[in-house]
Protein chains: 2
Amino acid sequence: MPRTGHEIELAARPSGEPQPTDFHLAEVTVPDPGPGQVLVRNTWMSVDPYMRGRMNEGKSYVPPFQIGKALDGGAVGEVVASEDASVPVGATVLHGMGWREWAVVPAASARVIDTAIAPPQAYLGVLGMPGLTAYVGLLDIGELRDGDVVFVSGAAGAVGSLVGQFAKLRGHTVIGSAGSAAKVDHLIADLGFDAAFNYKDRPVLDSLRAAAPEGIDLYFDNVGGEHLEAAIDVLNTHGRAALCGAVGQYNATEPTPGPGNMVLAVGKRLTLRGFIVGDHYARFGDFVAHVAPALAEGSIQARETVVEALANAPQAFIDMLRGANTGKMLVRLGSA
Amino acid sequence: MPRTGHEIELAARPSGEPQPTDFHLAEVTVPDPGPGQVLVRNTWMSVDPYMRGRMNEGKSYVPPFQIGKALDGGAVGEVVASEDASVPVGATVLHGMGWREWAVVPAASARVIDTAIAPPQAYLGVLGMPGLTAYVGLLDIGELRDGDVVFVSGAAGAVGSLVGQFAKLRGHTVIGSAGSAAKVDHLIADLGFDAAFNYKDRPVLDSLRAAAPEGIDLYFDNVGGEHLEAAIDVLNTHGRAALCGAVGQYNATEPTPGPGNMVLAVGKRLTLRGFIVGDHYARFGDFVAHVAPALAEGSIQARETVVEALANAPQAFIDMLRGANTGKMLVRLGSA
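Predicted, not measured: the structure shown is a model, and the values here were computed from it.

J.: I'm lost on the overall build of chain A in this one. Help?
T.: Secondary structure assignment for chain A yields nine helices and 15 strands. Here the C-alpha atoms of chain A give a radius of gyration of 20 Å, agreeing with the 20 Å that 2.2 N^0.38 yields for 336 residues. Principal axes of the C-alpha set define a box for chain A whose edges measure 70 × 45 × 35 Å. Within chain A, buried positions represent 55% of all 336 residues. Within chain A, contacts between residues separated by at least 24 positions form 67% of all contacts whose residues are at least 6 apart in sequence. Surface summary for chain A: the accessible area is close to 13,500 Å², and the carbon and sulfur share equals 52%.

J.: Can you help me understand helix H8 (residues 284–296) of chain A in this one?
T.: In an α-helix, one full turn covers 3.6 residues, which means residues spaced three or four apart are oriented alike. Residues and elements named next belong to chain A. Helix length check: H8, at 13 residues, gives a terminal C-alpha distance of 18 Å against a target of 18 Å (1.5 Å per residue), a fit within 8%. Looking at H8, one finds that the buried residues are Phe-284, Phe-287, Val-291, Ala-292, Ala-294 and Leu-295. Structurally, H8 contributes buried residues whose contacts are with strand E7 (111–112), helix H2 (129–141) and helix H3 (160–169). One or two positions beyond H8, positive phi appears at Gly-298, with a value near 85 degrees.

J.: Please explain the packing of helix H2 (residues 129–141) of chain B against helix H8 (residues 284–296) of chain B as it appears in this structure.
T.: Any two packed helices are characterised by how steeply their axes cross, that is the angle between the axes, and by the distance between the axes. All names here are of chain B. At their nearest, the axes of H2 and H8 sit 10 Å apart, and the two run at 95 degrees to each other. The orientation of H2 relative to H8 falls into the category roughly perpendicular. Across the interface between the two elements, Gly-131, Leu-132 and Tyr-135 from H2 touch Phe-284, Asp-286, Phe-287, His-290 and Val-291 from H8.

J.: What exactly am I supposed to notice about the nonpolar core here?
T.: Among soluble globular proteins, nonpolar side chains are generally buried collectively. Ranked by size, the top nonpolar core spans 50 residues in total, and within it Ile-175, Ile-216 and Leu-272 of chain A together with Ile-175, Ile-216 and Leu-272 of chain B carry the most contacts. Ignoring anything within four residues of it in the chain, the contact list for Ile-175 of chain B reads Val-149, Val-150, Phe-151, Val-152, Phe-193, Ala-195, Phe-197, Leu-208, Ala-211, Ala-212 and Ile-216 of chain B.

J.: Where do I start with the relation of the copies chain B and chain A in this structure?
T.: Mapping chain B onto chain A calls for a rotation angle of 180 degrees and an axial translation of 0.0 Å; the resulting RMSD is 0.0 Å. What we have between these two chains is a two-fold relation. Relative to the rotation axis, the closest C-alpha in chain B is found at Gly-258 of chain B, a distance of 2.1 Å. Most of the interface of chain B is mirrored in chain A: 100% of its interface residues are interface residues there too.

J.: Help me understand the interface of chain B and chain A, please; the structure alone is not making it clear to me.
T.: Interface size is commonly expressed as the accessible surface area that is lost when the partners come together. Taken residue by residue, the interface counts 29 residues in chain B and 29 residues in chain A. Around 2,100 Å² of area is buried between chain B and chain A when both sides are counted, 59% of it from carbon and sulfur atoms. Looking only at chain B, the three residues that lose the most surface to chain A are Met-262, Val-266 and Arg-269 of chain B, adding up to 26% of its buried area. Here chain B is connected to chain A by two salt bridges. Here Arg-269 of chain B makes a salt bridge to Asp-279 of chain A, at a shortest N to O gap of 2.7 Å. On inspection of chain B and its partner chain A, the count reaches seven residue pairs in polar contact (both at pLDDT 80 or more). Broken down by secondary-structure element, the contributors of at least two residues to the side of chain B that touches chain A are strand E12 (235–243), helix H7 (264–267) and strand E13 (271–274) of chain B. Broken down by element, the side of chain B that touches chain A gets its largest block of residues, four residues, from E13 of chain B.

J.: Can you help me understand the domain arrangement of chain A in this one?
T.: Residues and elements named next belong to chain A. With domains assigned, chain A is organised as domain 1 (3–124 + 303–332) and domain 2 (129–278). A C-alpha centroid distance of 28 Å is found between domain 1 and domain 2. Tallying the contact residues gives 19 residues for domain 1 and 13 residues for domain 2. Both sides together, the interface formed by domain 1 and domain 2 hides about 1,200 Å², and carbon and sulfur atoms give 58% of it. Seen at the junction of domain 1 and domain 2, the total is one salt bridge. Among the salt bridges present, the one from Arg-303 reaches Asp-190, with a minimum N-O distance of 2.9 Å. In this structure, the connection of domain 1 to domain 2 is made through five residue pairs in polar contact (both at pLDDT 80 or more).

J.: Even after reading the chapter, I still don't get the packing of aromatic side chains, so can you show me in this structure?
T.: Each aromatic ring pair is summarised here by two numbers: the centre-to-centre distance and the angle between the ring planes. Residues and elements named next belong to chain B. For the structure shown, the criterion picks out 20 aromatic pairs over all chains. Between Phe-151 and Tyr-219, the ring centres sit 5.0 Å apart and the planes meet at 20 degrees, which makes this aromatic pair stacked. Here Tyr-219 lies in strand E11 (residues 216–221) and Phe-151 lies in strand E8 (residues 149–152), a separation of 68 residues in the sequence. Neither Phe-151 nor Tyr-219 differs from the other in exposure class; each is buried. When the ring of Tyr-281 is compared with that of Phe-284, the centres are 5.8 Å apart and the planes differ by 20 degrees; the resulting orientation is stacked. For Tyr-281, a relative accessible area of 39% puts it in the partly exposed group. Owing to a relative accessible area of 13%, Phe-284 belongs among the buried residues under this scheme.

J.: Just to check I follow, could you spell out the side chain of Ser-161 of chain B for this structure?
T.: Residues and elements named next belong to chain B. Relative to the helices and strands, Ser-161 is located in helix H3 (residues 158–169). A distance of 3.5 Å separates the side chain of Ser-161 from the backbone oxygen of Ala-158, its partner in a polar contact. Leaving out residues up to four positions away in the same chain, Ser-161 has contacts with Gly-154, Ala-155, Ala-156 and Leu-191.

J.: Help me understand the confidence of the model for chain A in this model?
T.: Chain-level pLDDT for chain A is 94 on average; 98% of the residues reach the 70-or-more range. The ipTM value of the predicted complex is 0.92, and its pTM value is 0.93.

J.: Mind showing me how you'd approach the sheet that holds strand E13 (residues 271–274) of chain A here?
T.: Consider a sheet: its strands pair through backbone hydrogen bonds, and that pairing is either parallel or antiparallel. Strands sit in the order E10(A)-E9(A)-E8(A)-E11(A)-E12(A)-E13(A)-E13(B)-E12(B)-E11(B)-E8(B)-E9(B)-E10(B) across an open sheet of 12 strands; the sheet is mixed. Each edge of the sheet is formed by a strand with only one pairing partner; in this case those strands are strand E10 (195–198) of chain A together with strand E10 (195–198) of chain B. Across this sheet, the average inter-strand angle for adjacent strands is 15 degrees, counted without regard to direction. Both E8 of chain B and E11 of chain B contribute to a ladder of three bridges, which runs parallel. Considered in E11 of chain B, the bridge of Val-152 of chain B is made with Phe-220 of chain B. Sitting on the sheet, H2 of chain B touches E8, E11, E12 and E13 of chain B, and the angle it makes with E11 of chain B is about 145 degrees. Across the face of the sheet, helix H5 (residues 204–211) of chain B comes into contact with E8, strand E9 (173–178), E10 and E11 of chain B while running at roughly 165 degrees to E10 of chain B.

J.: Sorry if this is basic, but what is going on with the environment of Leu-144 of chain B here?
T.: All names here are of chain B. Summarising the element assignment, Leu-144 is placed in the loop between H2 and E8. Among the residues examined, Leu-144 registers a relative accessible area of 18% and is labelled buried. Taking the C-alpha atoms as reference points, Leu-144 and Lys-268, separated by 124 residues in sequence, lie 17 Å from one another.

J.: Looking at this model, I keep getting lost on the packing of H2 of chain A against H3 of chain A. Mind explaining?
T.: Residues and elements named next belong to chain A. H3 packs onto H2 with a crossing angle of 50 degrees between their chain directions and a minimal axis gap of 9 Å. In this view, H2 runs oblique relative to H3, as classed from their interaxial angle. Crossing geometry of H2 relative to H3 is assigned as right-handed. Residues Pro-130, Gly-131, Ala-134, Tyr-135 and Leu-138 of H2 touch H3, and the partners they reach there are Leu-162, Val-163, Phe-166 and Ala-167.

The rules we used
- Residues numbered from 1 in each chain as written.
- Chains lettered and ligands numbered in written order.
- Predicted model: local features only at pLDDT ≥ 70, side-chain atom pairs only at ≥ 80, totals over all residues.
- Heavy atoms only, no water.
- Helix = DSSP H or I, 4+ residues; strand = E, 2+ residues; numbered from the N terminus.
- Rg over C-alpha atoms; globule rule 2.2 N^0.38 Å.
- Buried < 20%, exposed > 50% of the residue type's maximum accessible area, 1.4 Å probe, protein only.
- Contact = heavy atoms within 4.5 Å.
- Areas by Shrake-Rupley, 256 points an atom, 1.4 Å probe, with all protein chains shown as cover.
- Expected span 1.5 Å × (residues − 1).
- Axes fitted to C-alpha atoms, helices over the stretch in contact; angles between N-to-C directions.
- Parallel < 35°, antiparallel > 145°, perpendicular 65-115°, else oblique.
- Core = buried A, V, L, I, M, F, W, Y, C linked by side-chain atoms within 4.5 Å.
- Least-squares fit on C-alpha atoms with pLDDT ≥ 70 in both.
- Buried area = accessible area lost by both parts, 1.4 Å probe.
- Salt bridge = Lys/Arg side-chain N within 4 Å of Asp/Glu carboxyl O.
- Polar contact = N/O pair within 3.5 Å; in protein donor to acceptor, adjacent residues only side chain to side chain.
- Domains from an automatic or database assignment.
- Phe/Tyr/Trp six-rings, centres within 6.5 Å; stacked < 30°, edge-to-face > 60°.
- pLDDT = per-residue confidence, 0-100.
- Pairing = 2+ DSSP bridges.
- Left-handed = near helix turned anticlockwise from the far one by under 90°.

Given below as structure tokens:
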């Protein structure tokens with residue numbers, strides 16, 4: 001008898017902030033895996049800012065989601081049936097078919113993960129895409145140099161919190177911005193940031209100038225807009241900005257004003273560089289070799305905000321875009 | 001009996017577009033050169049966009065001009081008295097004390113130039129600072145790659161016209177923008193650009209899209225503002241922008257809107273990099289070795305717009321900021 005399960009489909013393309021009605025929880029029949037496939041019972045799925053762009057029509061750097069079809073994204077789960085010897089039943093795997101309880105995945109797209117190093121959901125955060133994003137953005141795109149003062153926006157989020165911690169581990173002065181007093185406290189008390197501010201309190205430029213009286217050398221941009229303009233003002237000569245995202249603009253329905261101070265990039269010889277992590281998976285081995293020991297010994301913290309059950313994944317996604325999470329926003333699917 | 005001569009002093013800091021009253025033509029006594037100095041009769045001086053920034057108060061990447069003092073900048077002239085054996089009387093030298101008829105220059109700051117290769121004023125343009133700016137910006141900052149489609153703004157100016165020609169010599173498709181129909185004709189008919197448009201005709205984005213149906217890969221930015229925003233829209237994946245200047249904004253008294261599309265830099269993995277030529281004089285020898293032969297054989301053209309006499313230098317500067325020149329704007333001082 002065929003197995004049934006649930007998935008979240010895109011019901012409508014959001015205009016501005018996504019609404020619960022833009023999503024549809026559907027019951028579907030789960031096929032048996034064919035040759036070269038495995039059947040995975042998903043235990044955790046990820047909601048990430050980049051997914052908002054895929055809900056729009058038109059080309060982005062990843063193809064758009066289709067209306068009436070299941071969403072997808074990072075997930076981990078347990079293999080319950082396998083038609084490929086390389087991925088056995090019982091293995092815990094990371095794959096790209098989230099937003100559903102059961103996934104039939106090509107074995108070649110399922111990576112067996114080692115749950116002795118870290119719990120499964122860590123591979124959706126600190127040991128996964130957000131962690132590699134932070135690592136590559138800081139070291140390769142931002143070209144972190146000795147003595148750099150680092151500023152990161154969205155600093156309490158999945159990526160930002162790791163950017164700051166990776167830089168602190170290397171001895172840098174780190175400044176973060178976040179959207180609540182509680183997050184600011186977390187950055188300083190728990191993650192060891194040297195300074196942090198709530199960007200809602202006053203103009204970002206005022207807060208950044210106060211936090212960085214000697215200027216900054218590297219800006220890791222997760223939010224765009226006013227933050228980027230303030231960073232360009234405060235960056236020192238030969239400073240760099242790693243442009244990772246603009247979560248503050250993903251829901252915008254009106255054009256967002258751009259940085260009015262780009263001319264400063266000439267005299268200060270600034271480099272602003274956009275990147276997406278998908279180009280940098282060649283760095284994955286190096287990244288894990290550096291980060292896994294730090295995680296094991298407790299010198300890096302991987303805070304999670306966990307929402308229960310697939311039905312609540314749309315709200316988790318909406319809340320994540322609003323900044324409701326501290327650390328990685330995750331959805332737990334069923335229980336082990 | 002002491003020699004007298006003239007110099008142009010800064011009478012007032014311009015607000016917006018410089019006015020003739022911001023300058024003062026003064027008669028001054030010319031001292032004899034001391035030990036290690038030479039006395040130069042200037043024959044040519046340069047007016048350059050970067051000088052506008054030095055007329056403002058406050059720090060820039062070069063110190064501001066002082067009110068009541070002579071301006072300075074690139075000049076060439078003939079040594080008429082020398083107190084340093086390395087720079088003999090009769091030599092033609094390039095130095096930094098323009099805006100005056102006679103200059104007492106440290107011999108260490110006067111570079112003897114070879115007028116057999118090119119006429120003296122070429123060392124203020126194609127074989128000098130503007131030429132090196134074009135060369136370094138295109139190759140080192142813009143990282144010109146095989147097959148790149150190159151777009152340059154201010155393309156009929158001293159720097160832009162060389163950017164386009166250097167790229168054409170290497171076989172690239174080159175698009176330029178300029179501020180008049182005559183300049184557009186010059187770019188295509190004389191300099192061999194593949195496409196050019198008058199940015200005053202319609203929105204830059206419309207013209208650029210029409211001229212570059214396959215997009216652009218490298219943007220050399222001389223003007224900032226709307227041009228930069230349009231270029232970010234049209235740049236292809238892994239595209240680069242070399243930020244050289246923003247002549248469109250130098251006279252602005254109101255904040256200029258920034259590019260509202262910076263978020264595109266993430267998905268397209270764009271790199272925007274500011275630079276100033278002063279950091280790159282180590283490339284001078286390589287630059288001359290490449291450009292001087294091309295100039296000699298006529299495969300590079302160095303158009304000049306020449307204004308006569310020091311008294312007209314302020315107006316030449318004002319007109320250059322308005323885009324009155326084609327090629328290098330120069331002031332000829334006295335006659336040989």
